Structure formats: C-alpha cells, structure tokens
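Chain and residue survey
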Amino acid sequence: MGQLDIQATASARRRWRYIKDVLTTWSITAGGISVLLAILLIFFYLLYEILPLFQGASVDKLARFQLPESEHNLILAIEEQNTLGFRLSNSGLAEFFSLSSGDVVKKRELVSPQTPITSFALDSEQSGIFALGLESGKVVVAKHDYRPAYQDEQRRIEPRIDYPFGETALTIAPGKIDQLAIRDSADALVIVALSHGQLLGRRWRKQEDFLSDEIRLTEEPVILPVLDMPVGRLYIGPGQHWLYALSDAGEYRLVDLRTQKIADRGRLFQHAALVDAKLLLGGISLLAASDEGELGQWFVSRDTRSPSGYRLQHVRSFSTTAAPVSALVTEHRRKGFAVVDQNGVLELFHSTANRRLLGEDLTLGPVAGMAISPRADRLLIETAQGDYRVYAVDNKHPEISWSALWQKVWYESYPEADYVWQSSAANSDFEPKYSFVPLAFGTVKAAFYAMLIAAPLAVCGAIYTAFFMAPSLRRRTKPLVELMEALPTVILGFLAGLWLAPFAELHLPAIFSLLILLPVAVLVFAWLWEKMPAGFQQSLPEGHHPLWLLPVIIVLGYGCIQMSAPLERLLFDGDMRT
C-alpha cells in the first residue's frame, strides 16, 4: 500500500510538473509574441506619424465673388483670421472686404483721385507697410492693419489704415517717380526711387522721444551710383544693406547702400526676360520668374574673386510648368511661396527643401493678382475677368524632403552648400535646417570611439574574470557585471548627459590626466608588487590581486580631480576648452 502511495504521489508530481512546463512554455511564448507585437505597433505608429511629413499640399475652393471694378490692384492681402481681405487699386482706393461673401466692409482713399500714382512698393508681407510714388515726386507711406474689437459681446476684426510716419507725404524726387523701394527697420526708414532714369535715395533715422515715446525722423540723403541699364524693379534687403535693381530684360545690379557702389552685375536668366520677382521671407533671398517658365532663387554671398567681395549667387532652380508665371506670392512665416502660371496652374513650393508640393490646374487662365494669408492656409486669387476666388490650403509640413534630410543644402548667408542641423531659432525669418547627416555621422563617430575604448577593455576584463580571477571573487563580480548589462542604455545615456558630461566638462584636465596616468600607475604598482617580499605577496589569496588596485585607482582619481584646476591655470591659461 505504501508503494502504491509513493507511485501515485510521483505520478501526480510529474503531471503537475508537466502542467507547469506547458504553462511556462505558453506564457513565455505569449510574452515573446507580445513584445514583438508591441515593437511592430510602435513601428507602425511612428510610420503613421512620419508619413504626413512627406505628403504634398492640397487646395479646396471656398468662395467666389466679385468686387466693384477697379482698373488695377497694386496689392492684395488677407488678414490673419481669414475673415477679411484687402486690396489697393492704382487710383489710391483701399478696400477691406469679407472673404466669404465679398461684401465691402470699409474703404478709404489714400490719395486724391486727381493725383496719379506712378509707382508702388511693399516693405514686406509681414509688416503690411507700403509706399505710393506720386507724379509730384512725393511718397505716401501707409500700412494696412487689423485690430480685434467687441460689439454686442461678439468679437470682430476692425480694419484700419495707419500712417506710421505721418499722413504728410515724403519728398523724394523733383519729378515723377517711376520705380520705388522701401525698407523699414527699428532704426531707420529707407526709400529709394527712380526718377527720370536716376536713382534717388533718402534715409530717415528714428529717434524716440524720452517723455512722449513719439518717433522723430531725421532725414539724410543716400548717395547712389548711376546705373547703366533701364530699371524695371527695385528691392531693398534686410538691414538696409543691399539694393536690388532689376531690368525687364533680366539684368540685375547689386548696389551696396553702405559703400554706395555697385557690388555685382549680371543676368538672372541667360536668355529669358523677367516677368515677376519677390523677396522671400526675411528679405535675404530673391525669387525671380522668366517669360520662359524659369523660376529661381538668388541671394548675396561672399566671393573673394569679386572686387567688392560679394556677388548675387544663383542658389537653386525650381521645376515648374513651361508656361510663364502670372502671379507670385511668398509666405509670411515660412520659406515657401506660390505661383500661378498663365494657364491657371497653381504650384506651391518650399525654397529650402527645393520641394514642389502642389501642381493643380484651377482652370482660371491668366490671373491678375494673388495673396496668401499669414498662416499660409488661405489663397485669394483675382482672375483676369475680375472674379475673386478663395481657396483653403492644406500644407502643414513643406520644409521636409529627402534632399533636405540627406543632401547638401545651400542655406541663406552660408558661403556654400553644407550639411547642417538647426531645427529652431529665436527669429521668425529662420530657415530650418533638418539635415540628418550630422546626426547620423555623430552617432556613428560616437559609437566608433566608444567601441574603440570599450571593446579591448571588455575583452580583457572577460578573459581575466574567466581564467585568472579567484572563484570566490568571480561569484561576487559576475552578478554585478550582469546587473550593469541589464541597465537600459537610455538610462545610462540620461545619467551620462545629466551628470557625467557636465562633470567631464568641468574637469577636463583631470580626465586627460587619468587617461595618461592610470596605465602608468597600474604598471608601476605591478612592478612594485613584484618587488614585495614573497611572504607579503602570499598573504593575499591567489586571484584577489585586483583588490589591491582599487585603492590605487581611487587615490589617483581623487588626486587628478584635485589637481584639475591648478593644471588648467598653469598649462591652459584657465580655459582648456578654448
């Protein structure tokens, strides 16, 4: 009976062991599959988040209306909330209208109908400041602005025309102004005019009254060189440093306003004529379109071969339809722009990414004007027939392209194309730089140097631990090593960035001293150990010799850290990093 009980108990144990083995097998398998599924889900989630970055743009028609006829619009604009539009006719009539219905909300005559407007200039899309050149040689400087207001507890936008420098027209030339350029800054206002083939410039220095905060203008002339070509367009760059003079034939003259000399000259297009040009966000880059469908970007770069040290550099061309451009507008807050050709095809581009985001036939034919909203989510297009059409624009990530991520890009104000990573900046004119090459190369370089130091140490440590270390010491050391292996590298990197990197930066001489002195100290200690009496050497159990190295390493490390500051003052004038 006892034998049967023993056999039954053994059989029950075997069954229970089998059940546990099966449960363990299934649970481990389920855990492994769950980990793989979690990794796959993370991969697909990241793919879901990243793919929209490479999608193009789209437009949807929102409204169509007509406004009272005008001979020609000098400017079209949209306010930030996309509720109002603005247009200024060549008769000097400024009108604000609803973008949804076309109803005129407010109008104002900026000049007398008997005073002909002969030229127009826009400071920038962002500031809204513009200038009207008159036949009398005077210039009216105004600004379209929008302020929030509340009526019957309802928020609305109140449009207005401001005169930032007074309603009195500024005298620039003795006669008719044919071309005009304006650039405002915190320190000065500069206006350049072309009158009877001669360039005339004025600068007004700004001085703020200490008591009333009123801005006072001090006028001074700007001496400009005589140009050897007919001028069709004038633009002033940021910092009021460069004047771009363009001819309808496609020639250009780059004038340095500081030295009053021509810094560079040439042609924008080899054979084609110029049909439109605009300054990109920030005013550093010039966009120009030809009558043969060419579209390119230029900006000023240093050139040691040029007598002036500068030249207007052609940076990139954009792939467009072969039809000439009818309208060109630049975005207010990004390095993007939109064009409509003479066949009515709308195209959206981003300059830095050299990316064509949209090419859609709107069946408009030639257009008379176009405006883009400050958030780049609305387009207002005036057709040649006088219709106004409003489009919603979906263009969230235009700055990302494969070429921007992995190829050299020529950024504004850089001497040449390069790989650069700089995702953000303090100003709104910033050109995002998303090159992955520095990040990938830095990762590979860091991994290479880490492996160069860590691999020999790890192999030598493993050999010593396995073959030379005492078993009792090995039993204590091995769990510590395995525990270090189990630590996530992200945690180690976090600790290194949070504590080790600042510590190493603060004690650079100590780090380099340790790299040199530690091997020397170990060899010296080994030599001294061999000189010790045999009885003293045998007092330490076989395989426990590394324990004697711990005090040496601790004392040497402490001494190097204490001597770090004196060494830095003695050998590196107190700043080893420099």
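Calculation notes
Residues numbered from 1 in each chain as written. Predicted model: local features only at pLDDT ≥ 70, side-chain atom pairs only at ≥ 80, totals over all residues. Heavy atoms only, no water. Phe/Tyr/Trp six-rings, centres within 6.5 Å; stacked < 30°, edge-to-face > 60°. Helix = DSSP H or I, 4+ residues; strand = E, 2+ residues; numbered from the N terminus. Buried < 20%, exposed > 50% of the residue type's maximum accessible area, 1.4 Å probe, protein only. Lys NZ or Arg CZ within 6 Å of the ring centre and 35° of its normal. Salt bridge = Lys/Arg side-chain N within 4 Å of Asp/Glu carboxyl O. Pairing = 2+ DSSP bridges.

**Side note on the packing of aromatic side chains**
Counted according to the given criterion, the structure contains 24 aromatic pairs. Ring geometry for Phe 96 versus Tyr 146: centroids 5.7 Å apart, planes at 90 degrees, classification edge-to-face. Separated by 50 residues along the polypeptide, Phe 96 in strand 4 (residues 93–98) and Tyr 146 in strand 8 (residues 138–151) bring together distant segments of the chain. Here Phe 96 matches Tyr 146 in class, with each residue buried. When the centroid spacing of 6.1 Å and the interplanar angle of 35 degrees are considered together, the rings of Phe 120 and Phe 130 count as tilted. One end of the pair, Phe 120, is in strand 6 (residues 117–122); the other, Phe 130, is in strand 7 (residues 129–134), and ten residues separate them in sequence. On the basis of relative accessible area, Phe 120 is assigned to the partly exposed category, the value being 23%. Here the guanidinium or amino end of Lys 433 rests over the ring plane of Tyr 411, the centre of that ring lying 5.3 Å away.

**Here's the deal with the pattern of salt bridges**
On inspection of all chains with the given rule, the structure shows 26 salt bridges. Asp 387 is the salt-bridge partner of Arg 64, the closest N and O atoms lying 2.8 Å from each other. In this pair, Arg 64 is assigned in strand 1 (residues 58–66) and Asp 387 in strand 29 (residues 387–394), connecting sequence segments 323 residues apart. With a shortest N-O distance of 2.7 Å, Arg 333 and Glu 80 are connected by a salt bridge.

**Thoughts on unusual backbone geometry**
With phi around 55 degrees, His 196 is a residue other than glycine that occupies positive phi space. You can see His 196 is positioned in the loop between strand 12 (188–195) and strand 13 (198–208). A relative accessible area of 65% means that His 196 is categorised as exposed. In this model, Thr 363 sits at a positive phi of 50 degrees, which is unusual for a non-glycine residue. Within the secondary structure, Thr 363 sits in the loop between strand 26 (355–361) and strand 27 (367–372).

**Focus: the pairing of strand 16 (residues 242–246)**
In terms of residue burial, strand 16 counts as a mostly covered element, since five of its five residues are buried. Alternating residues of strand 16 divide into Trp 242, Tyr 244 and Leu 246 and Leu 243 and Ala 245, and every residue in both groups is buried. Sheet analysis places strand 15 (residues 233–236) next to strand 16, joined by four bridges and oriented antiparallel. Across the sheet, residue Ile 236 finds its bridge partner in strand 16, namely Leu 243. The hairpin formed by strand 15 and strand 16 contains five residues between the paired strands, and Gly 239 there has a positive phi angle of roughly 75 degrees. In terms of strand pairing, strand 16 meets strand 17 (residues 251–256) through five bridges, oriented antiparallel. By the bridge assignment for strand 17, Tyr 244 is matched with Leu 254.

Remember that the coordinates give geometry; whether it matters functionally is a separate question.
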